[in-house]
Amino acid sequence: MIANLVYQESMDGTSDSNTRFNAKEIPGAPIDPLYGLVAAYEADKSDKKVDLGVGAYRDENAKPWILPVVQKATEIYNNAKKDHEYLPIAGLPEFNSAAQRLVLGADSVAISEKRVCSFQTISGTGAVYLGGLLVSQFTAQPRPYVYISSPSWPIHDQIFATVGLPVRHYPYFRSDTKTFDLEGMMQSLSSAPKGSIVVLHACAHNPTGVDPTKDEWKKIAAIMKTNDLFPFFDCAYQGFASGYLSEDNFAVRYFVDQGFQLVIAQSFAKNLGLYGQRVGGFHFVAEPGANSQSTTTNVASQLSLLQRSEISSPPIFGAQIASIVLNDPKLFTEWETDLLTMSGRIKKMRKCLKQELDRLQTPGTWDHIVNQIGMFSFTGLNCAQVMVLRERWHVYMAETGRISVAGLNEHNVAYFASAVDDVVRTVQ
Ligand SMILES: Cc1ncc(COP(=O)(O)O)c(C=O)c1O
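Not measured: the values here are computed from a predicted model.

As for the domain arrangement of the protein
Reports often express the size of an interface as the amount of accessible area lost when the parts come together.
Phase 1 of the analysis: Taken domain by domain, the protein consists of domain 1 (31-65 + 343-426) and domain 2 (86-327).
Phase 2 of the analysis: Each of domain 1 and domain 2 was reduced to a C-alpha centroid, and the two centroids are 29 Å apart.
Phase 3 of the analysis: With 18 residues of domain 1 in contact, the opposing surface of domain 2 contributes 19 residues.
Phase 4 of the analysis: Together, the buried faces of domain 1 and domain 2 total about 1,400 Å²; carbon and sulfur atoms form 64% of this surface.
Phase 5 of the analysis: Three residues stand out in domain 1 for area buried against domain 2, namely I373, F376 and F378, and they jointly supply 35% of the buried area on that side.
Phase 6 of the analysis: Counting the contacts that link domain 1 with domain 2 gives zero salt bridges.

And the structure:
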């Protein structure tokens, strides 16, 4: 039976004392690996230390960068002296509509046919969570599988498990060639039970830095159509893959054009540098057809209930800043320039790192460093090497061998290359 959040008065209750909440029985959980890494980096007193863990853009001095366009938007917002009233449950309307146009394209037929509904969320994480909750509340038992790329952003597994959806993984990355594993993914999707949810990174895949080509996306869409699979897009890096916002939403637009019913979790943490302001969007797109508008209206009404129980209404400041940028053509153009500044510097650092490794004749091939895209590089370094990098060289990166390339700059790239050269030669 499908849950109905409004009218269902009580779930299966019990008076059995064995089921009572008892905090004494709660085991300790492991600390989040990336937040643990940040703490270890901060505690390190070395002046040589390098932070390549956190997935946040850094400037050429390894400092956070407030986008110039965000500074302007903040001034505009402050001068307007707006109040601090609650936003509607779905969030700031002008933010939602602009966020929708950004990810789907301003000319999207789904928008003109009014079969999209959008909610402002607590950044990308909150959007994935809201989508997971929607699926878990409105699917019958046994719940559909959620297929997540292997590897992926680790929080995907965590979120879908939290909302009670069973998780499976599809191959995504070939570690021998350090390229996208189209064959593995296609095989896995072709054997997935009909109705399964497939989490797709819209662009700049985290952590591998490899994306399907346009032709490969078309093949993925075709197998998902044939096999009746549900696309759940996670779009956390629009503008970071190619450097262009309108290029990086290709996969989303293509799937919508193919008539899928789908959802999109969208983050403005990275592309507007609004990390701590928690600005994101969740979009539901109904498949075209006679009932698409009423489906969208019903979904929106249930999302309102879920959002109301979770956060009541989303925070105002970050959404106002994003909205000012997204809705002003001049500021939007300035944003595009800021995005090119960020993606351009990251690309330059990829080249510098590769050049240094070539110069040192570090064993192995390092072409993947320049071939991968977005904020991350999946270096191929193993966990033991990562640990030695930390202890011997004060270099902090994820145990998977992922680096945030944005943490490199002209002052530390040669040092990092020497460190890599050392561990590749001395640690197996
Ligand atoms: C793939 C992916 N999805 C979603 C997120 C969520 O980011 P945030 O909640 O900061 O917007 C991240 C952040 O690292 C990510 O890498």
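A closer look at the pairing of strand β2 (residues 116-122)
In summary, the side chains of a regular strand alternate between the two faces of the sheet.
Phase 1 of the analysis: In terms of burial, β2 is a largely internal element, six of the seven residues being buried.
Phase 2 of the analysis: Alignment of β2 against strand β10 (residues 279-285), held across seven bridges, turns out to be antiparallel. Within the sheet, the bridge partner assigned to S118 lies in β10 and is H283.

Describing the site of the ligand
Phase 1 of the analysis: Around the ligand, 13 residues are found, and the nearest of them are S123, T125, N206, D234 and S267.
Phase 2 of the analysis: One of the backbone nitrogen or oxygen atoms of G124 is found 2.8 Å away from an oxygen atom of the ligand.
Phase 3 of the analysis: The side chain of D234 places a nitrogen or oxygen atom 2.6 Å from a nitrogen atom of the ligand.
Phase 4 of the analysis: For the ligand, whose accessible area on its own is 390 Å², the fraction buried by protein is 91%.
Phase 5 of the analysis: Classifying every residue of the shell around the ligand by side-chain character gives four nonpolar, six polar and three charged.

Structural notes on the packing of helix α5 (residues 123-137) against helix α11 (residues 292-310)
How two helices sit against one another is set out by the angle between their axes and by the gap between those axes.
Phase 1 of the analysis: The contact between α5 and α11 brings their axes to 10 Å, and the two run at 115°. Of the two possible hands of crossing, α5 and α11 adopt the one that is right-handed. Only V299, L303, L306, Q307 and E310 of α11 make contact with α5, whose side of the interface consists of Y129, L130, L133, L134 and Q137.
Phase 2 of the analysis: Among the residues making up the contact of α5 with α11, the classes are represented as seven nonpolar, two polar and one charged.

Digging into helix α8 (residues 214-226)
Side chains of residues three or four places apart in an α-helix project in the same direction, reflecting 3.6 residues per turn.
Phase 1 of the analysis: Its 13 residues place the ends of α8 19 Å apart at the C-alpha level, agreeing with the 18 Å of an ideal helix rising 1.5 Å per residue.
Phase 2 of the analysis: Within the sequence span of α8, burial applies to E216, W217, I220, A221, I223 and M224. Angular distribution of buried residues about the axis of α8 spans 165°; they occupy a single face of the element. Turned more than 90 degrees off the buried face of α8, the exposed positions are D215 and T226.
Phase 3 of the analysis: Buried residues along α8 sit against β6 (179-180), α7 (182-190), β7 (197-201), β8 (230-235) and α10 (250-257).

Some points on the side chain of R402
Phase 1 of the analysis: Turning to its location among the elements, R402 is positioned in strand β13 (residues 402-404).
Phase 2 of the analysis: If we ignore the near neighbours within four places in the chain, the residues touching R402 are L34, L52, G53, G55, N206, P207, F376, S377, F378 and M397.

Re the state of the cysteines
Phase 1 of the analysis: Using the criterion set out here, one finds zero disulfides in the structure.
Phase 2 of the analysis: Cysteine C203 shares no disulfide, and the gap to the nearest cysteine sulfur, in C235, comes to 5.0 Å.
Phase 3 of the analysis: Judged by its relative accessible area of 4%, C203 falls in the buried class.

A short note on the packing of helix α13 (residues 329-359) against helix α16 (residues 413-426)
Phase 1 of the analysis: For the pair α13 and α16, the least separation of the axes is 9 Å and the interaxial angle reads 45°. Between α13 and α16, the interaxial angle falls into the category oblique. Both α13 and α16 take part in a crossing whose hand is right-handed. Facing α13, whose interface residues are M349, C352, L353, E356 and L357, α16 presents V413, A414, F416, A417 and V420.
Phase 2 of the analysis: Residue composition of the contact of α13 with α16, by class: nine nonpolar, no polar and one charged.

Each value, and the rule that gives it
- Residues numbered from 1 in each chain as written.
- Predicted model: local features only at pLDDT ≥ 70, side-chain atom pairs only at ≥ 80, totals over all residues.
- Heavy atoms only, no water.
- Domains from an automatic or database assignment.
- Contact = heavy atoms within 4.5 Å.
- Buried area = accessible area lost by both parts, 1.4 Å probe.
- Salt bridge = Lys/Arg side-chain N within 4 Å of Asp/Glu carboxyl O.
- Buried < 20%, exposed > 50% of the residue type's maximum accessible area, 1.4 Å probe, protein only.
- Helix = DSSP H or I, 4+ residues; strand = E, 2+ residues; numbered from the N terminus.
- Pairing = 2+ DSSP bridges.
- Near = heavy atom within 4 Å.
- Polar contact = N/O pair within 3.5 Å; in protein donor to acceptor, adjacent residues only side chain to side chain.
- Areas by Shrake-Rupley, 256 points an atom, 1.4 Å probe, with all protein chains shown as cover.
- Nonpolar A, V, L, I, M, F, W, Y, C, P; charged D, E, K, R; others polar.
- Axes fitted to C-alpha atoms, helices over the stretch in contact; angles between N-to-C directions.
- Left-handed = near helix turned anticlockwise from the far one by under 90°.
- Expected span 1.5 Å × (residues − 1).
- Arc of directions from axis to C-beta.
- Disulfide = S-S within 2.5 Å.
- Parallel < 35°, antiparallel > 145°, perpendicular 65-115°, else oblique.

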